[in-house]
Amino acid sequence: MIGPSILNADLAQLCDESQRLLDLGADYLHLDVMDGHFVPNLTFGHPVVKCLRNKIPKAFFETHMMVSKPEQWIEPMAEAKVDQYTFHVEPVQDVPEICRKIKEAGMKVGLAIKPGTSVDVVKDYLDFADLVLIMTVEPGFGGQKFMADMMPKVAWLRENYPDLNIEVDGGVGPSTIDQCSKAGANWIVSGTAVIKADDPKSVISSLKKSVQTAIDLKN
Ligand SMILES: O=C(CO)[C@H](O)[C@H](O)COP(=O)(O)O
Ligand SMILES: [Fe+2]
């Protein structure tokens, strides 16, 4: 599954850009929500996501919630018809409670961890989650360098939880995808590498091929 991040796209053309990426083969849209508090940057929130949903009724929307109070945005994002609510566990006291509220609101649950957070932190919550997002850059900005030293986290999760959806996000593109897919990631976020490519369609298809090849080799 390939989900482009539109963080570094022309946000004045959010709808057209999103539709273009879906037409070029993207499986879902990864929408980066930042509150200027959990991360030192601001993007957009549920009002924008809701408008985008009105224009793009069918695609799978994942919101990557880089926010200090993820519980605050569950209802508004559910109203905006978000499919998957992926939040960072670092600022949260009661992770199972937030997971329960997200499910109750009708969305899938993603648990995200920053590069400095051990994978042990999410291990107790996997029964409540549909996906774990391993950040491969410090959250906050697109276009950063991929952190290969996050791959042991992905490999450990894949080894111990063969059916878990594992997503990577940050600096992923044609030159780094093979490390991610070999480690066991099956949901791939790619921003700059897709948005800035001369041929985004072939980038999306090469990312997919890498993931599929790794899955086929394991089976
Ligand atoms: O969550 C993010 C940053 O916090 C973005 O999703 C991520 O950076 C994708 O962009 P790129 O592929 O350009 O790194
Ligand atoms: Fe993201």
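Residues numbered from 1 in each chain as written. Chains lettered and ligands numbered in written order. Predicted model: local features only at pLDDT ≥ 70, side-chain atom pairs only at ≥ 80, totals over all residues. Heavy atoms only, no water.

Going by the annotation in an unreviewed UniProt entry, the name recorded for the chain is Ribulose-phosphate 3-epimerase, with Cloeon dipterum given as the source organism. Quoted straight from UniProt, the Pathway (unreviewed entry) entry for the chain says "Carbohydrate degradation; pentose phosphate pathway; D-xylulose 5-phosphate from D-ribulose 5-phosphate (non-oxidative stage): step 1/1." UniProt's Sequence similarities (unreviewed entry) comment on the chain is quoted here verbatim: "Belongs to the ribulose-phosphate 3-epimerase family." (UniProt positions renumbered as here; feature names shortened; annotations may be inferred.)

(A) Fine view of the site of ligand 1. In the neighbourhood of ligand 1, 20 residues make up the surrounding shell, with Gly140, Asp169, Gly171, Gly191 and Thr192 lying closest. Side-chain polar atom of His30 to an oxygen atom of ligand 1: 3.3 Å apart, as the coordinates give it. Among the elements of the structure, strand E2 (28–34), strand E3 (60–66) and strand E8 (187–190) are those that each provide at least two residues to the shell around ligand 1. Ranked by residues supplied to the shell around ligand 1, first place goes to E2 with 3 residues. (Near = heavy atom within 4 Å. Polar contact = N/O pair within 3.5 Å; in protein donor to acceptor, adjacent residues only side chain to side chain. Helix = DSSP H or I, 4+ residues; strand = E, 2+ residues; numbered from the N terminus.)

(B) Representation of the UniProt feature "binding site: a divalent metal cation" (unreviewed entry) in the chain in the model. The residues that UniProt annotates with the feature "binding site: a divalent metal cation" (unreviewed entry) are His30, Asp32, His64 and Asp169. These annotated residues cover 140 residues of sequence, and their C-alpha atoms all fall within 10.5 Å of one another, placing them together at a single site. Turning to its location among the elements, His30 is positioned in strand E2. Residues in contact with His30, not counting those within four places in the same chain, are Gly3, Pro4, Ser5, Ile6, Glu62, His64, Leu133, Glu167, Asp169 and Val189. Mapped onto the fold, His64 is located in strand E3. Given the relative accessible area of 0%, His64 is considered buried. Among residues more than four places away in sequence, those in contact with His64 are His30, Leu31, Asp32, Val33, Thr86, His88, Ala112, Leu133, Met135 and Asp169. (Contact = heavy atoms within 4.5 Å. Buried < 20%, exposed > 50% of the residue type's maximum accessible area, 1.4 Å probe, protein only.)

(C) Up close: the pattern of salt bridges. Going through the model one piece at a time under the given rule, you end up with 8 salt bridges. For Lys101, the salt bridge is made with Glu97, and the minimal N-O distance between the two is 3.9 Å. Of this pair, Lys101 and Glu97 both sit in helix H4 (residues 95–104), 4 residues apart, roughly one helical turn. Beyond isolated ion pairs, a larger network of salt bridges with shared partners links Glu97, Arg100, Lys101 and Glu104. (Salt bridge = Lys/Arg side-chain N within 4 Å of Asp/Glu carboxyl O.)

(D) Here's a closer look at unusual backbone geometry. Located in the positive-phi region is Lys81, a residue other than glycine, with phi close to 60°. You can see Lys81 is positioned in the loop between helix H3 (74–79) and strand E4 (84–88). Look at Lys81 and you get exposed, because its relative accessible area is 57%.

(E) Focus on the nonpolar core. Ranked by size, the top nonpolar core spans 62 residues in total, and within it Phe87, Leu111 and Ile134 carry the most contacts. Ignoring anything within four residues of it in the chain, the contact list for Leu111 reads Thr86, Phe87, Val89, Val95, Cys99, Val122, Tyr125, Ala129, Leu131, Val132 and Leu133. (Core = buried A, V, L, I, M, F, W, Y, C linked by side-chain atoms within 4.5 Å.)

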